[in-house]
Structures are given as structure tokens and as C-alpha cells.
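# What the coordinates show
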Amino acid sequence: MSNFQIKGLANYKSTYQKSVDDPKAFWDAVAAENFVWQKKWDKTLSWDFEKPEVKWFEGAKLNITENCIDRHLETRGDKTAILFEPNDPNEKALHISYNELSDRVNRFANVLKSNGIAKGDRVCIYLPMIPELAVAVLACARIGAIHSVVFAGFSSTALATRINDSDCKMVITSDGSFRGDKTIDLKSIVDDALLDCPVVATVLVAKRIGSNIQMKDGRDKWLQPELDAASPICPPEVMDAEDPLFILYTSGSTGMPKGMVHTTAGYMVYTAYTFSNVFQYQEEDVYWCTADIGWITGHSYIVYGPLANGATTVMFEGTPSYPDCGRFWQIVEKHKVNQFYTAPTAIRALAKESLSNVSGHDLSSLKVLGTVGEPINEEAWHWYDEYIGKQNCPIVDTWWQTETGGILISPIPNATKTKPTYATLPLPGIQPALFDENGVELNGNNQEGRLCIKHPWPSMARTIWGNHNRYRETYFSAFPGTYFTGDGALRDEDGLYRITGRVDDVIIVSGHNLGTAPIEDAINEHLFVAESAIVGYPHEIKGSALYGYVTLKDTVGDMSEEELKTEINALIAKLIGPIAKLDKIQFTNGLPKTRSGKIMRRILRKIACGEMDNLGDISTLLNPEVVESIKESALV
Ligand code: PRX
């Protein structure tokens, strides 16, 4: 691709400057030179952060799958597009070429059509990390259906909420999934969810574990016979630049998950451009991102970004610790992986294990290492650098969000320098700014504040499905005229950014965003619970862990505290998913509140972190006396 990759610091600086001086001209050139369009755009950008409304490449016609598949067939038809590594190391890896991917996606697209799915319809995908997941995503895009992938670790209640919020007509799932030495019965989770989802007419079921499942007459169909009967040719639907491509739910600090809506052209241009630059992908390379496609990292940097670049992208079904903690490194060696992208929580977990898990493997193919999802601590950064990268691979600490669609702040290998725990510099087109709590912009270096972005970039989410007002309130009201990320950051003396963490009520546990409100709502459903408050505290492996303060009603029957704790966690697992279970539960006589009745989480956070002597002024509380008793029985 021409003009696509940045090499050298001078090139970064001049490219960045151009992108800020004239963003339209910059993105015009990137989009024009590197993609296939059925019709070029009339207007590069129109935007208004008050409304808010952002449109990129208006008037353009395209289909993202032509860019991810069709255009590669002539030159890369036999090249591996998706390299599937199964959960069980004894099962053979699958090399799916671009030709074969084309065949699979076209057939699947025809199956969607023959089951009544048309452009604009929403399709929920609830699948494990098997090739059908990537194929289903692309098949939706082929016909202009809007995919909504739900991570297959979510519970039936969480799944139903997401299906109903966007009125999905179809669910694509499997008979089950392998995860380490366990199997998970996904189909029965779907069956439970669908008891409450009147709009779903069809469930397509991929066979993976071969279990004996219930198929509901008239609703459920096995996928494979449908694919076998379908034509391998499905002309791509003509999409407008701003037609929605997908919805992906992310936790908010309050209430319902937010269905972030990403649109077609801008998302394609930005994910492809950033993939190429941040990972410096070369034609023969094998790239592996260990995320699940149920999260934005998988959407942008397993599926769309790599495939738009004609890359070989690894999809791994299993876990880092099965059959042992050398599994990641065994896969790197086996497939000669060149770029490896994972989360700090995985690095911390593996760094705790014996080094013999690493030293037995040849990791010399590695060129670039990446991290994403949460701040990486110094120790983990150095372990990654020393034992995995052998101090010879730049670490790209990539900062971004479900909402941003692609990486916004990150080093670029061989162009910008790395610095432990720093995401460093904005990518071309990204204009970060720091603000203090009063909304005053903090200019110059050596500043710490709330991280905002001042100018639109092509892959930003355009709205929250069905709730534009919430989109405006959440992202564009705190610091008018800018996009507020919800993160705190500092800018050092050289202008490099370090993300310090969330400044709202979202807690990142093992790289997963969890809102405190939905967890509290789940706990409060328990018959014996009066109220609850969740805070995060530092955890060696998970980054943050969840500490719950729970006030019980007067009557709890004859249940012991241990039984209650078990029930509370079971309730959370049922209503949200096992990832949201609490690490610590403390029963309290009350929760500290302001005179207006607001729970003082700041105090609870400090107690959970063991900072008992540093609680500040508590005399203005409605009930200062509860603080003493909470301190006394704190679980620290
Ligand atoms: O707090 C930031 C953190 O993860 C949040 C976004 O989470 P999610 O939408 O699930 O997307 C994760 C994958 C892109 C951010 O608001 N975060 C993400 N990357 C980093 C990070 N925090 C520090 N450093 C990072 N590299």
C-alpha cells in the first residue's frame, strides 16, 4: 500500500503535523490510495461535537468485505488469511486461505439471506473463538446486516439484554465451546436467553463440541447443512460510508450496557491504517492478537484491520494456561509469529509462572510486541521486554477504547520510542488534550488531567444504539467541544502520554470493563440484601479486583455469611457473567453517605486499598459512625 507505513521519527513528525494541519487532506489521501471504493466520497468530513454528529467520507459507496477479501484474491488467493489454532494442541491448526475465506463468507452470507436477513437487520453472534465467528462477522458485513457480537462468557440474562436492546432477528451460536479442559454449553445459555427475546426468529448452530443439544423446531438450524447447500457467490451489498457496520456493547458507569455503533468507511480506513503502522506488518508476517472477537480488540485487530491489509491473522480458541503456561510461547514458535498482541493481565499471570515455560521455546520470529486494555505496570513491561522480546522487540502499549474503534495513542515501531508504562504519542489524526476538573485545558508538558480528544477521527463511534442522548451526555457534555474518554492521563516532560486509569465508575478487571452500577443492581436483587457498593482495589494479576460492601436486611433466615457470599456471586454470574464475580465481600451495617444520600465511594475505595489513615474529612457525612465499623472489619 502506498504512503501507508511510517518509518523513522522524522516521518512520524511530518505525518503527524500534516494530519493536524489539514485532517481532511490527510485522510482523503489515505482513503483514496489504499482501498477499493464503488464510488468515491463527495465530502471528506462534517462534524459538530455539540449535537454530536460526525460523518466521514459522505457519499462514498463501498463494501468492507471487498477490501478485506475480494481485492486480495488475485495476488494473495492462496495466502493464509485466518490461521486457526484450536484449544487442544493435538488438534490440527487450520490454514484458511483468502480463497477459502471468500468461499466461506459468501456461502454464509447467502445462508443469512435465505433465512430472512437483509441489509440493516441486526444479527447477534454468540460464538467461541472458532473460524465461524470471523466468517459470521464478515458474512453480515457482506450483506449489510449489522452484527452485534456478544462475548461468549456473558450469561443468558446479559445476552438477552443485548439481543433485545438492538432487536436482533437472528442468533448465531454453537453447540458448545472448549475452554482449557472444560466444555461450556453455549446453546443452553442461548435457549435460556431466548425465553425473553420475542424478536429472534432463527438460531443458526455451528457444531464444535459434538454434544447432544436441544434444537427447537422452526427456530434452530444446524449451520453446516445450510452452508453446504448455499451458493459460494454473493455479490457484496452496496453500503453508504455512514451505514452502520456493527454494534458492540460496552459497560457504562450506570445502567444498561451501551451499544456503540460503528459505521463502515471511517472504521475501515482507520483500523487498516493503524494496524499497518502500529504493528509494521510486512507481507510474509504472521500476526497474532490473543483477544476474543467478542471485544473491540478482536473486531479491529483480529478481523477487519489485518484482513484489510491482506495479513495472516491467528485466531486462538484456547487459554494461556492450557495444557500449561507455555501455550502462548509454543504457538509463537509453531507458527513463527512476528507480531504478538495481548493484555497486561495475561502477561502478569504468565510472569508469575516458572521461566521454564518460556525458555523452552524459540521466540526469535517475534518483531513487535503489543499490549492493550489496561495500564501495564513497570514490572510486567520489563518482563515482557526481557523474556519475550529479548530486548529486541519494541513494545507498543496501545491505548484506545470500544468507542474509539481503533488505537489512538501508541508507539510506532522504528519511528517513535517506547517508554515503560507509557502509551507515548498520538497516532496521526489524533489530537489529545488534558483538562482539569473545572474544564480548563492544561497546556504544556508535565500535566496530569482528564483525557479528551479535540478533533474527530474516522473510526469513532457515531452513537449509542437507540440512545443518542446518552451518547451526548456520556462523551460530549463534561468538556464541551471535545470527546471525553473517561480516562485520566499524564503528559510527561517530553509530551509522552501515560494513561493512569478510569476516572468514572468503570473498573477494569483482567482487561474487562465492568460498570459498578450493573453489579450493584445484580447484588441488590438478592432477597436479603438492602444495598451495596462496589469499588476496585489493586490486584497483582487482574490489575484491579472487585470489593463489595453489602448491607443486609434485618432478616436473613438461617443463612451463614459464607452461604450468602456464595449466593451473591452466583447471582452476579447469572445476571452478568462469571467475570463480574466479587473477589471480596464485606458485610456492613450501613454505607457512608453524603447528606444528599449519595454513597461516598471515595472512602470505600480507600478502605479497600488499605489506606485507612487517609480518609479525609468524614465529619460532613450523614452517618460518619459507619466508617469506623467498616474500617474495623475491612478485608485487607
Ligand atoms: O481505561 C482505558 C483502558 O481500557 C478502556 C477501554 O476499554 P474497552 O472499551 O474494553 O477497550 C479495551 C480495548 C481497546 C480505556 O478507557 N485501556 C485500554 N488500553 C489501555 C488502557 N489503559 C491503559 N493503557 C492502555 N494501553
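Residues numbered from 1 in each chain as written. Predicted model: local features only at pLDDT ≥ 70, side-chain atom pairs only at ≥ 80, totals over all residues. Heavy atoms only, no water.

Moving on to the pattern of salt bridges. Throughout the structure, instances matching the rule amount to 34 salt bridges. Here E58 and K55 are joined by a salt bridge, their closest N and O atoms 3.8 Å apart. Judged by relative accessible area, E58 falls into the partly exposed class, the value being 28%. A relative accessible area of 26% places K55 in the partly exposed class. (Salt bridge = Lys/Arg side-chain N within 4 Å of Asp/Glu carboxyl O. Buried < 20%, exposed > 50% of the residue type's maximum accessible area, 1.4 Å probe, protein only.)

Counted as a void, the second largest pocket has a volume near 410 Å³. Surrounding the second largest pocket, 19 residues form its lining, G255, P257, P518, L575 and I576 being those nearest its centre. Of all the secondary-structure elements, those providing two or more residues to the lining of the second largest pocket are α7 (156–165), β27 (512–515) and α17 (516–524). Classifying every residue of the lining of the second largest pocket by side-chain character gives 10 nonpolar, six polar and three charged. If you count residues domain by domain, the lining of the second largest pocket takes at least three from each of domain 1 (2–427) and domain 2 (506–632). (1 Å grid on protein atoms, 1.4 Å probe; cavity = no way out; pocket = protein on both sides within 12 Å on 5 of 7 lines; lining within 4 Å. Points joined across faces, edges and corners; volume = space filled by probe spheres on them. Helix = DSSP H or I, 4+ residues; strand = E, 2+ residues; numbered from the N terminus. Nonpolar A, V, L, I, M, F, W, Y, C, P; charged D, E, K, R; others polar. Domains from an automatic or database assignment.)

With mixed pairing, seven strands are arranged side by side in an open sheet as β5-β4-β17-β16-β18-β19-β20. The open sheet terminates on both sides in strands that have one partner only, identified here as β5 (94–97) and β20 (395–398). When strand polarity is set aside, the average angle formed by the axes of neighbouring strands in this sheet is 20 degrees. Taken together, the three bridges between strand β16 (residues 286–289) and strand β17 (residues 312–316) define a ladder with parallel strand orientation. What sits directly across from W288, in β17, is V314. Contacting β16, β18 (339–342), β19 (368–372) and β20, helix α10 (residues 264–279) crosses the sheet at an angle of about 145 degrees to β20. Across the sheet, helix α15 (residues 378–388) is in contact with β18, β19 and β20; its angle to β19 comes to roughly 155 degrees. (Pairing = 2+ DSSP bridges. Axes fitted to C-alpha atoms, helices over the stretch in contact; angles between N-to-C directions. Contact = heavy atoms within 4.5 Å.)

Looking at the chain, the domain boundaries give domain 1 (2–427) and domain 2 (506–632). With centres defined by C-alpha atoms, the gap from domain 1 to domain 2 works out at 34 Å. On the domain 2 side, the residues contacting the 19 residues of domain 1 number 22 residues. With both sides pooled, the region where domain 1 packs onto domain 2 buries about 1500 Å², and carbon together with sulfur makes up 54% of that total. Where domain 1 packs against domain 2, one counts zero salt bridges. Counting across the domain 1 and domain 2 interface gives nine residue pairs in polar contact (both at pLDDT 80 or more). Looking at the side of domain 1 that touches domain 2, the elements that each hand over two or more residues are α7 and α13 (344–351). (Buried area = accessible area lost by both parts, 1.4 Å probe. Polar contact = N/O pair within 3.5 Å; in protein donor to acceptor, adjacent residues only side chain to side chain.)

Let's shift gears to the environment of S211. Mapped onto the secondary structure, S211 falls in the loop between β11 (202–206) and β12 (220–222). Residue S211 is classed as partly exposed on the basis of its relative accessible area of 28%.

To continue, consider unusual backbone geometry. Between K51 and P52 the backbone carries a cis peptide bond, its omega angle lying at -20 degrees. If you trace the backbone, P52 turns up in the loop between β1 (43–48) and β2 (53–58). Cis geometry is found at the peptide bond from Y322 to P323, where omega equals -5 degrees. Within the element layout of this structure, P323 appears in the loop between β17 and α12 (327–335). In the Ramachandran plot, K390 falls in the positive-phi region, its phi being about 50 degrees despite a non-glycine side chain. Tracing the sequence through the fold places K390 in the loop between α15 and β20.

Pairing in this open sheet of four strands is antiparallel, and the strands run β21-β22-β24-β25 from one edge to the other. Looking at the sheet topology across the chains shown, the edges are occupied by β21 (432–435) and β25 (497–502). Averaged over all adjacent pairs, the angle separating strand axes in this sheet is 45 degrees, with direction ignored. Inspection of the sheet shows strand β22 (residues 447–453) paired to strand β24 (residues 483–491) by six bridges, in the antiparallel sense. Note that in β24 the partner of G449 across the bridge is A489.

So, about the site of the ligand. Every one of the 17 residues lining the ligand counts as a neighbour, but D397, T398, T402, D487 and R502 are closest to it. Between T402 and the ligand, the recorded distance is 2.6 Å, taken from a side-chain N or O atom to an oxygen atom. Contact between the ligand and D487: an oxygen atom at 2.6 Å from a side-chain N or O atom of the residue. About the coverage of the ligand: the protein hides 96% of its 540 Å² of free accessible area. Every element with two or more residues in the shell around the ligand is listed here: α11 (296–308), β20 and β25. Of the residues assigned to the shell around the ligand, the class counts are seven nonpolar, six polar and four charged. (Near = heavy atom within 4 Å. Areas by Shrake-Rupley, 256 points an atom, 1.4 Å probe, with all protein chains shown as cover.)

To continue, consider the pairing of β22. By the bridge criterion, four bridges tie β21 to β22 in an arrangement that is antiparallel. Bridge assignment links L434 to a residue of β22, and that residue is L451.

Here we come to empty space enclosed by the protein. Gaps left between atoms show up when a probe the size of a water molecule is rolled over them. This structure, assessed with the given rule, holds two cavities of 30 Å³ or more. Within this model, the largest cavity holds a volume of roughly 40 Å³. As for the largest cavity, its lining consists of V149, V150, F151, F154, R162, L248, Y249, G294 and W295. Its residues assigned to classes, the lining of the largest cavity comprises seven nonpolar, one polar and one charged. Within this model, the second largest cavity holds a volume of roughly 40 Å³.

Close contact between α13 and α15 brings their axes to 9 Å; oriented N to C, the two are set at 75 degrees. Classified by the angle their axes make, α13 and α15 are roughly perpendicular. Contacts between α13 and α15 involve I347, R348, L350 and A351 from the former and A380, W383 and Y384 from the latter. Of the residues contributing to the contact of α13 with α15, the split by class is six nonpolar, no polar and one charged. (Parallel < 35°, antiparallel > 145°, perpendicular 65-115°, else oblique.)

Extensive coverage of α11 is indicated by the burial of 13 of its 13 residues. Trailing α11 by a residue or two, G310 shows a phi angle of about 65 degrees, which is positive.

Turning to the pairing of strand β30 (residues 584–588), a few remarks are in order. With four of five residues buried, β30 is to be regarded as a mostly interior element. Direction of pairing for strand β29 (residues 543–552) relative to β30: parallel, over a ladder of five bridges. Bridge pairing in β30 places Y549 opposite Q586.

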